[in-house]
Amino acid sequence: MPKTVLVTGGAGFIGSHTCVELLAHGHEVVVVDNHVNSSPQALDRIAKTAGRPLAAAHRVDVRDRRALSEVFASHPVDAVIHFAGHKAVGESVSLPVEYYDTNVGGTCTLLSVMREHGVHRLVFSSSCSVYGDARSVPLTERSPVAPTNPYARTKLTCERILEDVCAHLGEMKVLALRYFNPVGAHPSGLIGEDPRGVPNNLMPYIAQVAVGRRERLTVFGADYPTSDGTGVRDYIHVMDVAEGHRVAVEHLDDGTGMRVFNLGTGTGTSVLQLVAAFEEASGRPVPHRIAERRAGDVATLVADPSAVVRAWGWTTTRDLTAMCRDAWRFQELNPDGYPR
Ligand code: WQD
């Protein structure tokens, strides 16, 4: 049953790919984005990639209650996917107030406006970073949470707020998705990961070195207790993440209250393994040097993805080669990212 889905942060990396997935499956999509960390160009590319237009796109900050309420008043919103927020672990250490104001304050404003308009279905963008420096992997949804930086704490704080809202408002239906490391791009190469400034994350940095935009990659630490000493993460193709969000929207009516799911592949890949896979997929060298560990980093984060398989009969389907191949295609077609 197609729905009208309001996507906050819909012009961003994961948001734009999720909009394409929703459109391709017949849903109507309304985007709300302040474009602080995304390009308006992505909106045109979403329509081109999906082959059909967005219902609407509004340049609105989720903390702007009046403007957000006007958006809800203009569209028959059935469900919301909430991506809008800051997401760089390192940056959150130096800008904690901005992170809490946007990530937590924005979520509270959104929940208030949803209630004002009688909208009670929400998919929330959470993060594996809530697990912190996990003692044992793979991580299930029942693994202890121990966030180690302001970004991760904003995500866990939002989960706690959502639990309380669901306990108070019986009709709320919330799915919190803790995704691991989304990478790659839509296979068309029309949309992809285009961070502003110097990339914080590994994959876009590697892609920019391969295309000649950056001189070489700095590997943050080679003395971790892992197979080759470098950090291990659970990289998941952004189209699998997008599909997971679409499937979540279609399962929101399975029950009331809040449920939490990990979105990962269950496979760990080290930094050096990802470099090698990207060189293989792109045919380009990725020069790199080993440096000290990055503050706030942990050795290994890998998901146990079985809960979504049991609940939704859904699993990821794209492997590391596809992640590198698709990330490279977007970078090669857009060497300087989206036109500014
Ligand atoms: C991965 C590995 C680094 C850059 C991300 C997001 C966060 C959350 C979880 C969704 C680590 C190493 C990195 C570089 C490097 N996602 N690295 N050189 O830290 O796992 O966090 O996923 O909520 O929002 O930030 O991802 O890509 O920054 O780092 O060696 O230039 O690559 O040390 O081992 P991270 P990342």
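All values derive from a computational prediction rather than experimental measurement.

Draft legend 1. Summary view of the overall build of the protein chain. If you tally the helices and strands in the protein chain, you get 11 helices and 14 strands. With respect to the principal axes defined by its C-alpha atoms, the protein chain has extents near 55 × 40 × 40 Å. Burial analysis of the protein chain (340 residues in total) assigns 57% to the buried set. For the protein chain, the accessible area works out to roughly 13,800 Å², and carbon and sulfur atoms hold 51% of it. A distance of 1 Å separates the average location of the 34 positive side-chain charges in the protein chain from that of its 38 negative side-chain charges.

Draft legend 2. Structural detail: the site of the ligand. Lining the immediate environment of the ligand, one finds 18 residues, of which Tyr151, Leu202, Thr218, Arg233 and Asp297 sit closest. Within the side chain of asparagine 181, one N or O atom sits 3.0 Å away from an oxygen atom of the ligand. Arginine 233 is positioned such that a nitrogen or oxygen atom in its side chain is 2.8 Å from an oxygen atom of the ligand. Protein chains bury 94% of the 690 Å² of accessible surface belonging to the ligand in isolation. In terms of residue count, the dominant contributor to the shell around the ligand is strand β8 (residues 217-220) (four residues). Taken together, the residues of the shell around the ligand break down into eight nonpolar, six polar and four charged.

Draft legend 3. Representation of the confidence of the model for the protein chain in the model. When pLDDT is averaged across the protein chain, the result is 96; 100% of the residues are at 70 or more. Of the two predicted TM-score estimates for the complex, the pTM is 0.97 and the ipTM is 0.97.

Draft legend 4. Structural context of the pattern of salt bridges. Inspection of every chain in the model, using the stated rule, returns 17 salt bridges. Here arginine 63 makes a salt bridge to aspartate 61, at a shortest N to O gap of 2.7 Å. In this structure arginine 63 comes out as partly exposed when scored by relative accessible area, which is 34%. Residue arginine 318 pairs with aspartate 240 through a salt bridge whose shortest N-O separation is 2.6 Å. Here the residue arginine 318 occupies a position in the loop between α10 (306-312) and α11 (320-333), and aspartate 240 occupies one in helix α8 (residues 238-250), the gap between them amounting to 78 residues. Judged by relative accessible area, arginine 318 falls into the partly exposed class, the value being 26%. Salt bridges sharing common partners tie together Glu21, Arg246 and Glu250.

Draft legend 5. Local environment of the sheet that holds strand β4 (residues 79-82). The sheet built from seven strands is open, its strands ordered β3-β2-β1-β4-β5-β6-β11 with parallel pairing. Each edge of the open sheet carries a strand with a single partner, namely β3 (56-59) and β11 (257-263). If you compare each strand with its neighbour and ignore which way they point, the axes differ by 20° on average. Two strands pair when backbone bridges link them, and strand β6 (residues 173-179) and β11 are joined in this way by seven bridges, in the parallel orientation. Across the sheet, arginine 178 pairs through a bridge with asparagine 262, a residue of β11. The strands touched by helix α6 (residues 150-168) are β5 (121-127), β6 and β11; relative to β5, the strand with the most contacts, the crossing angle is about 155°.

Draft legend 6. Structural view of the packing of helix α5 (residues 96-116) against α6. Where α5 meets α6, the axes come as close as 9 Å, and the angle between the chain directions of the two elements is 20°. In this view, α5 runs roughly parallel relative to α6, as classed from their interaxial angle. The crossing of α5 and α6 is right-handed. The residues of α6 that touch α5, namely those facing Pro96, Tyr99, Tyr100, Asn103, Val104, Thr107, Cys108, Leu111 and Arg115, are Pro150, Tyr151, Arg153, Thr154, Thr157, Cys158, Ile161, Leu162, Val165 and His168. Grouping the amino acids of the contact of α5 with α6 by side-chain chemistry returns 12 nonpolar, five polar and two charged.

Draft legend 7. Focus on the sheet that holds strand β12 (residues 269-270). Spatially, the three strands line up as an open sheet ordered β12-β9-β14, and their pairing is mixed. Of all strands in the sheet, those bounded by a partner on one side alone are β12 and β14 (300-301). Note: strand β9 (residues 232-233) against β14, two bridges, orientation parallel. Bridge pairing links arginine 233 to leucine 301 in β14.

Draft legend 8. Structural view of helix α1 (residues 13-24). Taking 1.5 Å per residue as the helical rise, α1 with its 12 residues ought to reach 16 Å, and the 17 Å between its terminal C-alpha atoms agrees with that figure. Among the 12 residues that make up α1, 11 are buried, leaving the element largely enclosed by the rest of the structure. Turning to α1, its buried residues number three or more, namely Phe13, Ile14, Gly15, Ser16, His17, Thr18, Cys19, Val20, Glu21, Leu22 and Leu23. Immediately downstream of α1, the backbone of glycine 26 shows phi near 85°, a positive value.

Parameters and conventions
- Counting of residues starts from 1 at the beginning of each chain's written sequence and follows it residue by residue.
- Local features are withheld for residues below a pLDDT of 70 in this predicted model, meaning they are given only at 70 or higher, and side-chain atom pairs are given and counted only at 80 or more; totals for whole chains, interfaces and linings count all residues.
- By convention in this description, side-chain values take in all heavy atoms of the structure and omit both hydrogens and water.
- The secondary structure listing takes helices from DSSP runs of H or I that are at least 4 residues long and strands from runs of E that are at least 2 residues long, numbered from the N terminus.
- Throughout, exposure labels follow a simple rule: accessible area from a 1.4 Å probe, protein chains only, divided by the maximum for the residue type, with under 20% read as buried, over 50% as exposed, and the rest as partly exposed.
- Reported accessibility uses the Shrake-Rupley method at a 1.4 Å probe radius. Residues are deemed covered only where the shown protein chains occlude them.
- Think of it this way: Lys and Arg go in the positive column, Asp and Glu in the negative one, and His and the chain ends go nowhere.
- Here the site of a charge means NZ on Lys, CZ on Arg, CG on Asp, or CD on Glu.
- Being near a molecule or strand, for a residue, comes down to having at least one heavy atom within 4 Å of it.
- Under this definition, polar contacts are N or O atom pairs within 3.5 Å; protein pairs additionally need one hydrogen-donor-capable and one acceptor-capable atom, and for neighbouring residues in sequence, both atoms have to be side-chain atoms.
- Residues were grouped as follows: Ala, Val, Leu, Ile, Met, Phe, Trp, Tyr, Cys and Pro as nonpolar; Asp, Glu, Lys and Arg as charged; and all remaining residues, including Gly, as polar.
- Along the chain, pLDDT gives the predictor's confidence residue by residue, from 0 to 100.
- Each reported salt bridge corresponds to a side-chain nitrogen of Lys or Arg within 4 Å of a carboxyl oxygen of Asp or Glu.
- Strands were regarded as paired on the criterion that DSSP finds at least two bridges between them.
- Each axis is a line fitted through C-alpha atoms, and for a helix only the stretch in contact is used; angles between axes span 0 to 180 degrees, taken between their N-to-C directions.
- We call two residues in contact when some of their heavy atoms are within 4.5 Å.
- Roughly parallel here means an angle under 35 degrees, roughly antiparallel means over 145, roughly perpendicular means 65 to 115, and every remaining angle is called oblique.
- We call a crossing left-handed when the near helix sits turned anticlockwise from the far one by less than a right angle, and right-handed when that turn is clockwise.
- In this analysis, the expected span of each helix is defined as 1.5 Å times one less than the number of residues it contains.

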